[in-house]
Amino acid sequence: GKGELLPGFEKIKKEENLQNLELTLWVDPHELPDVLAESDVIMGAFGTTPKAAKAIPLKVFEGLAMGKALLVGDSPAARELFTDGVNCLFAKRGDAQDLAKKIMLLKENNDLRDSIAQSGYALYNGVLGHEAIGHELMAVFTEVAR
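Predicted, not measured: the structure shown is a model, and the values here were computed from it.

Looking at helix H7 (residues 110-128)
For H7, spanning 19 residues, the distance from its first C-alpha to its last is 25 Å, which sits close to the expected 27 Å at 1.5 Å a residue. Turning to H7, its buried residues are Arg-113, Ile-116, Ala-117, Gly-120, Leu-123, Tyr-124 and Leu-128. Each buried residue of H7 sits inside an arc of 125° when the element is viewed along its axis, so together they form one side. For H7, exposure combined with an orientation more than 90 degrees from the buried face picks out Asp-111, Gln-118 and Gly-126.

Shown next, in the form of structure tokens:
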């Protein structure tokens, strides 16, 4: 995005001559599926703020729905839904070295990346998808109507 950290990221990219790093400033929500489709891994929520500990970004769910591998910050919110090494890979929040290590692990291990992607997609369909949520809502409505 175009957040307050952008100038720092741009400076690092220039100073380190990171030719293979693209800073995507904003993606229209209608174009996001195309961007995600080009990705191998969806990443999110690596900060150390209270919000990062309590929330899971929407892009995580969108990536799961598209069958992409997930690399996410280890947080109470993430642990409520995900299992490390099964349907996601956790990285220590606020730890750039651990994040880099996990990125390389997924880059170099196609079997692990594919397994995490498949398990994440199954989790999405089983718990987070429209059909799963519809069934859960029907159960709640049925219980309330009794």
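Brief notes about the packing of helix H6 (residues 96-108) against H7
One way to put it is that H6 packs onto H7 with a least axis distance of 5 Å and a crossing angle of 100°. In terms of axis orientation, H6 runs roughly perpendicular to H7. Along the contact surface, H6 presents Leu-105, Leu-106, Lys-107 and Glu-108, while H7 presents Asn-110, Leu-112, Arg-113 and Ile-116. Class assignment of the residues belonging to the contact of H6 with H7 gives a composition of four nonpolar, one polar and three charged.

With respect to the pattern of salt bridges
What the rule picks out here adds up to four salt bridges. Here Arg-79 and Asp-74 are joined by a salt bridge, their closest N and O atoms 2.7 Å apart. Notably, a salt bridge pairs Lys-102 with Asp-98, separated by 3.4 Å at the nearest N-O pair. Remark: Asp-98 and Lys-102 occur in helix H6; sequence separation between them is four residues, near one turn of the helix. The class for Asp-98 is buried, based on a relative accessible area of 7%.

Things to note about the nonpolar core
Counting eleven residues, the largest nonpolar core is built from Val-60, Leu-64, Leu-70, Val-72, Ala-78, Phe-82, Cys-88, Phe-90, Leu-123, Tyr-124 and Leu-128. Only helix H4 (58-65), strand E2 (69-73) and H7 provide two or more residues apiece to this core. The leading source of residues in this core is H7, at three residues. Other than its neighbours up to four places away in sequence, Val-60 contacts Ile-42, Leu-70 and Phe-82.

Quick word on the pairing of strand E1 (residues 41-44)
Side chains Ile-42 and Gly-44 project from E1 onto a buried face, and the interleaved Val-41 and Met-43 project onto a face without burial. Sheet topology places E1 next to E2; four bridges connect them, and they run parallel. Note on E2: the bridge partner recorded for Met-43 is Leu-71.

Conventions and cut-offs
Residues numbered from 1 in each chain as written. Predicted model: local features only at pLDDT ≥ 70, side-chain atom pairs only at ≥ 80, totals over all residues. Heavy atoms only, no water. Helix = DSSP H or I, 4+ residues; strand = E, 2+ residues; numbered from the N terminus. Expected span 1.5 Å × (residues − 1). Buried < 20%, exposed > 50% of the residue type's maximum accessible area, 1.4 Å probe, protein only. Arc of directions from axis to C-beta. Axes fitted to C-alpha atoms, helices over the stretch in contact; angles between N-to-C directions. Parallel < 35°, antiparallel > 145°, perpendicular 65-115°, else oblique. Contact = heavy atoms within 4.5 Å. Nonpolar A, V, L, I, M, F, W, Y, C, P; charged D, E, K, R; others polar. Salt bridge = Lys/Arg side-chain N within 4 Å of Asp/Glu carboxyl O. Core = buried A, V, L, I, M, F, W, Y, C linked by side-chain atoms within 4.5 Å. Pairing = 2+ DSSP bridges.

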